[in-house]
Amino acid sequence: MLTTVVPITPAHDGFEQVAALFDDYRAHYGRPPSSQLTRAWLHDQLVRHRLAAAAALRADHVCGFVTTAVMPASLMLGTAWSIRDLYVAPRHRRNGVAHALLQHVVDEARAAGAQRVSLQTETDNIPARTLYTEVGFQPVTGLALLNLTLAPDQRDSPTSG
């Protein structure tokens, strides 16, 4: 089945499907589901241009999404894109959807003149790491990821964003 990747804004017909899938994604990582709060948060992030989103469509049904943030790359006097979230509905996995979403981001970043695209995942997420290296992403050595949790009611994890 053909997978089409399209940019998503709050005005797009697929936004509600993406928001629902985003809530599933959060639940997958142990967060309590809250479709209303998730929808409002995602809407706000997209409207404020803090995130951009794209959806993978099959027969007009959203089967996956990716979110990205564009950041200054000050040492290179350019920009770097960061993939913040990538999720494919369980029934659509292992069918090229995640690959199509990743390729969309790489193509868009390249067209925008970005210097690099980066992402992070858990070290034990072997299927994801395998896919990322197949697309061309390489592990970064010599850097450490450090977090400072600011709100006492938020659990910090490598995937919290």
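Reading guide: rules and limits
Residues numbered from 1 in each chain as written. Predicted model: local features only at pLDDT ≥ 70, side-chain atom pairs only at ≥ 80, totals over all residues. Heavy atoms only, no water. Salt bridge = Lys/Arg side-chain N within 4 Å of Asp/Glu carboxyl O. Buried < 20%, exposed > 50% of the residue type's maximum accessible area, 1.4 Å probe, protein only. Helix = DSSP H or I, 4+ residues; strand = E, 2+ residues; numbered from the N terminus. Pairing = 2+ DSSP bridges. Lys, Arg positive; Asp, Glu negative; His and termini not counted. Polar contact = N/O pair within 3.5 Å; in protein donor to acceptor, adjacent residues only side chain to side chain. Contact = heavy atoms within 4.5 Å. Axes fitted to C-alpha atoms, helices over the stretch in contact; angles between N-to-C directions. Parallel < 35°, antiparallel > 145°, perpendicular 65-115°, else oblique. Left-handed = near helix turned anticlockwise from the far one by under 90°. Nonpolar A, V, L, I, M, F, W, Y, C, P; charged D, E, K, R; others polar.

Caption draft 1: Structural view of the pattern of salt bridges. Throughout the structure, instances matching the rule amount to four salt bridges. Residue aspartate 44 is joined to arginine 50 by a salt bridge in which the shortest nitrogen-to-oxygen separation is 3.8 Å. Among the residues examined, aspartate 44 registers a relative accessible area of 27% and is labelled partly exposed. Here the residues in one salt-bridge network are Asp44, Arg48 and Arg50, joined through shared partners.

Caption draft 2: Seen up close, the pairing of strand β4 (residues 78–88). For β4, the buried fraction is high: eight of the eleven residues fall into the buried class. Note: strand β3 (residues 61–73) against β4, ten bridges, orientation antiparallel. Across the sheet, residue threonine 67 finds its bridge partner in β4, namely aspartate 85. Count of turn residues in the β3/β4 antiparallel hairpin: four residues, of which leucine 77 carries a positive phi of about 50°. Note that β4 and strand β5 (residues 116–119) share four bridges and pair parallel. From the neighbouring strand, serine 82 faces β5, where its bridge partner is serine 118.

Caption draft 3: Highlighting the side chain of aspartate 85. For aspartate 85, the location among the structural elements is in strand β4. At 5.8 Å, arginine 84 is the nearest oppositely charged side chain to aspartate 85, a buried residue that forms no salt bridge. Among the polar contacts made by the side chain of aspartate 85, one reaches the side chain of tyrosine 25 at a distance of 2.7 Å. Only 2.6 Å separates the side chain of aspartate 85 from the side chain of threonine 67, close enough to count as a polar contact. Aspartate 85 has contacts with Phe22, Tyr25, Phe65, Val66 and Thr67, leaving out every residue within four places of it along the chain.

Caption draft 4: Looking closely at the packing of helix α3 (residues 97–111) against helix α4 (residues 126–135). Two elements in contact, α3 and α4, have axes separated by 11 Å at closest approach and are oriented at 45°. As the angle between them shows, α3 and α4 are arranged oblique. Where α3 crosses over α4, the two elements pack in a sense that is right-handed. Between α3 and α4, the residues in contact are Ala98, His99, Leu102 and Gln103 and Leu131, Tyr132 and Val135, respectively. Among the residues making up the contact of α3 with α4, the classes are represented as five nonpolar, two polar and no charged.

Caption draft 5: The sheet that holds strand β1 (residues 4–8), seen in detail. Across the sheet, which stays open at both edges, the five strands sit in the order β1-β2-β3-β4-β5 with mixed pairing between neighbours. Single-partner strands in this sheet number two, and they are β1 and β5. Strand after strand, the sheet turns through a mean of 30° between neighbouring axes, direction not considered. Of the pairings in the sheet, the one linking strand β2 (residues 52–58) to β3 comprises seven bridges and is antiparallel in character. Residue pairing for β3: alanine 52 is matched across the bridge by threonine 68. Sitting on the sheet, helix α1 (residues 15–28) is in contact with β1, β2, β3 and β4, with an inclination near 80° to β3.

By themselves, these figures tell us nothing about what the structure is for.
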